[in-house]
Amino acid sequence: MAYALPLHQHGKSKVRLGRVWRDGNVHHMVEWNVNTMLESDMEHSFVKGENTGMTATDTQKNTVYVVAQRMSQKCTVEQYAIALAQHFVLTYPLVSKAKVYIEQKPWNRVQMGGLPHDHGYALAGAEVRTVYVTYDKAGKLDVTAGLKELSLLKTTQSGYEGFLRDEYTVLPEVNDRIMASTVTCTWKYTNQPACYDAAFAAAKSALLDAFLGPPKGGVYSPSVQYTLYNMAKNLLDRVPQAESVFLNMPNLHFIPVNPVGSKFNNDVYVATSEPHGNIEAVVTRRGMIPHAKL
Ligand SMILES: O=c1[nH]c(=O)c2[nH]c(=O)[nH]c2[nH]1
């Protein structure tokens with residue numbers, strides 16, 4: 001039997017990358033999901049099992065981070081994709097065509113009172129407003145308002161130090177890291193607000209303000225736990241009708257990368273969503289009954 005091999009290619013899929021350009025206190029951040037595919041003179045690999053001259057998919061993955069670091073000026077996803085595709089073709093003689101497909105997460109700089117935040121981002125259009133109402137024969141009404149899928153990120157003003165260390169601990173202590181979370185929050189009203197929209201807006205901005213801090217400089221977070229507690233307290237301060245706040249905050253890790261042949265320079269990260277930390281708590285006004293999370 002004679003065979004033909006009319007198509008073959010190999011690449012790396014879903015290489016998740018965070019890139020931060022730091023211009024003094026003002027940071028620019030992107031998150032990209034990068035897919036590479038190389039057409040190359042590699043018939044011998046498929047047909048004979050010989051890998052000579054092959055650009056391994058692991059090398060392609062490493063290159064995603066190397067080229068991201070080489071983009072020394074803030075760039076568009078198109079400029080980065082062109083640089084990456086050109087790198088493969090110009091570096092490897094056996095590669096005849098490089099195909100690069102990238103999806104960019106819609107992280108947008110947060111505006112606070114009309115001011116752009118130095119280093120705070122939110123995912124565009126992702127958040128969902130929730131409500132859970134019960135009403136019984138005795139006329140008792142309970143309203144628990146909330147939101148979920150509110151994704152927030154800050155490129156600095158976050159650290160994690162002083163935790164227990166034993167033979168199972170490898171995590172380094174850091175006083176500067178990216179902090180990102182997708183917030184779920186519910187709050188139960190003891191009294192009904194005159195305007196639910198206004199109470200919701202106050203609750204949401206309380207959460208954002210405590211997570212990000214002021215637009216110039218932000219606020220330091222020693223842990224997701226401490227930030228979560230401050231977010232809940234801020235909500236209770238600004239929404240007087242709320243008695244109890246539930247917050248769930250995954251800790252979405254951005255892992256520093258040492259690009260091959262280079263060093264991490266507060267710039268290139270592996271963006272991850274799993275596994276993630278998971279922090280949650282209920283905070284009430286003292287003496288008030290905590291509500292179920294819903
Ligand atoms: O803010 C954090 N809280 C934790 O509980 C934790 N655990 C961890 O590994 N990193 C972090 N970060």
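Calculation criteria
- Residues numbered from 1 in each chain as written.
- Predicted model: local features only at pLDDT ≥ 70, side-chain atom pairs only at ≥ 80, totals over all residues.
- Heavy atoms only, no water.
- UniProt positions renumbered as here; feature names shortened; annotations may be inferred.
- Helix = DSSP H or I, 4+ residues; strand = E, 2+ residues; numbered from the N terminus.
- Buried < 20%, exposed > 50% of the residue type's maximum accessible area, 1.4 Å probe, protein only.
- Contact = heavy atoms within 4.5 Å.
- Polar contact = N/O pair within 3.5 Å; in protein donor to acceptor, adjacent residues only side chain to side chain.
- Axes fitted to C-alpha atoms, helices over the stretch in contact; angles between N-to-C directions.
- Left-handed = near helix turned anticlockwise from the far one by under 90°.
- Nonpolar A, V, L, I, M, F, W, Y, C, P; charged D, E, K, R; others polar.
- Salt bridge = Lys/Arg side-chain N within 4 Å of Asp/Glu carboxyl O.

## Let's talk about the UniProt feature "binding site: O2" (unreviewed entry) in the chain
Piece 1. With numbering matched to this structure, UniProt assigns "binding site: O2" (unreviewed entry) to T57 and N251. Annotated residues spanning 195 residues; largest pairwise C-alpha distance 29.0 Å, indicating distribution over more than one region.
Piece 2. Examined against the element boundaries, T57 turns out to sit in helix 2 (residues 57–70).
Piece 3. We classify T57 as partly exposed; its relative accessible area is 24%.
Piece 4. Excluding its chain neighbours within four sequence positions, the residues that come into contact with T57 are H10, G11 and K12.
Piece 5. A distance of 3.1 Å separates the side chain of T57 from the side chain of K12, its partner in a polar contact.
Piece 6. Filtering out sequence-adjacent residues up to four positions away, N251 remains in contact with R177, A180, V224, H276, G277 and N278.

## Observations concerning the packing of helix 4 (residues 196–212) against helix 5 (residues 224–238)
Piece 1. Close contact between helix 4 and helix 5 brings their axes to 8 Å; oriented N to C, the two are set at 145°. Handedness of the helix 4/helix 5 crossing: right-handed. For the pair formed by helix 4 and helix 5, the contact residues are A202, A203, S205, A206, L207, D209, A210 and F211 on the first element and T227, N230, M231, N234, L235 and R238 on the second.
Piece 2. Of the residues assigned to the contact of helix 4 with helix 5, the class counts are eight nonpolar, four polar and two charged.

## Considering the pattern of salt bridges
Piece 1. Applying the stated rule across the entire model yields nine salt bridges.
Piece 2. One salt bridge connects R16 with E31, and the closest N-O pair in it is separated by 2.8 Å. One end of the pair, R16, is in strand 1 (residues 15–23); the other, E31, is in strand 2 (residues 26–40), with 15 residues separating them in the sequence. Across this residue pair, the class does not change: R16 and E31 are buried.
Piece 3. Measuring nitrogen to oxygen at the nearest pair gives 3.7 Å for the salt bridge that ties D142 to K188. Of this pair, D142 sits in strand 7 (residues 141–154) while K188 sits in strand 8 (residues 179–189), and the two are 46 residues apart along the sequence. Here D142 and K188 have matching classes, each one buried.

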